[in-house]
Amino acid sequence: MLPVVHDRSPLVRLRRRLLVEPPAVTLPTAPPREDLLGAACAECARQGTCCCEVAEGEKLATLSFRDVRRIEEASGLAEHRFVEREELDPLERLAYETFRPLYRGLFVGNVRLGLKPRRGACVFLERGRGCRLPPEAKPLACRLYPFDYNLAGELTLVDAPHCLAINEACSERELLRMFGTSRRQLRALRKQTLEEAAEHARLLRHHAG
Ligand code: SF4
Ligand code: SF4
């Protein structure tokens, strides 16, 4: 079992700081530990703390219309089988858009489209094996997780105290390696997310008008 490093991990300290003021990710540059690569998510799934599982009241990834179309095509499922509509009050919506600026535009009024849970996990999670969707059909929010971007366009981490990858990583480089990604790939995902959120908002305006 992977040890869970609490107070010693610079990323844990960074994540705590994000709770107060989301800053850019500035991390130490220790060399990557090959033994950890790809292991954290598998271990996390075994421990039942995987981000594809939700406790009562928790929500899964926010979806754009594009995400929904890609999933429909890849899974053959109709939208109502995997999409849930969450009604937020206006203040909750404002808070969401303030702290998750990448997802601005993805609201139908105050309604957020999100992945539907079933028995405490995303409908696409196969327990012990992971996501059943092909990588290119996963929602962009899932592909980006646990990374995010703040209003200034700086790379940040989501507040995920249960995330073993964040808890275990000793450096930004190691965390990126764990997810088989790079700053360049994350920037491309950010760009795609912004474009698809803008398209989502345009479609909403069109239907409303
Ligand atoms: S991203 Fe983090 S929370 Fe999600 S499965 Fe991997 S280690 Fe767990
Ligand atoms: S779509 Fe896949 S990666 Fe995203 S929450 Fe569901 S199971 Fe997890």
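Our structure's up above, just so we're on the same page.
Note that the structure is predicted; figures quoted are calculated from it, not measured.

**Q** How should the site of ligand 1 be read in this particular structure?
**A** Within the structure, ligand 1 sits among 13 residues, and Cys 41, Cys 44, Cys 51, Cys 163 and Ala 165 are positioned closest to it. Listing elements by their share of the shell around ligand 1, those giving two or more residues are helix H2 (39-47) and helix H6 (164-168). With four residues, H2 is the largest single contributor of residues to the shell around ligand 1. Across the shell around ligand 1, the residue classes tally to twelve nonpolar, one polar and no charged.

**Q** I'm lost on the pairing of strand E3 (residues 111-115) in this one. Help?
**A** Consecutive side chains of a regular strand alternate in pointing toward one face of the sheet and then the other. Within E3, four of the five residues are buried, which leaves the element mostly enclosed by the surrounding structure. Where strand E1 (residues 83-87) meets E3, five bridges bridge the pair, whose relative direction is antiparallel. Each bridged residue has a counterpart across the sheet, and for Val 83 the counterpart in E3 is Leu 115. For strand E2 (residues 107-108) and E3, the ladder comprises two bridges, and the chain directions are antiparallel. Across the sheet, Phe 107 pairs through a bridge with Arg 112, a residue of E3.

**Q** What exactly am I supposed to notice about the environment of Cys 142 here?
**A** Relative to the helices and strands, Cys 142 resides in helix H5 (residues 140-144). For Cys 142, a count of 20 C-beta atoms within 10 Å gives the class buried. In sequence terms Cys 142 and Thr 62 are 80 residues apart; their C-alpha atoms lie 8.9 Å from each other.

Calculation rules
- Residues numbered from 1 in each chain as written.
- Chains lettered and ligands numbered in written order.
- Predicted model: local features only at pLDDT ≥ 70, side-chain atom pairs only at ≥ 80, totals over all residues.
- Near = placed C-beta within 6 Å.
- Helix = DSSP H or I, 4+ residues; strand = E, 2+ residues; numbered from the N terminus.
- Nonpolar A, V, L, I, M, F, W, Y, C, P; charged D, E, K, R; others polar.
- Buried ≥ 20, exposed ≤ 12 C-beta atoms within 10 Å, placed from the backbone.
- Pairing = 2+ DSSP bridges.

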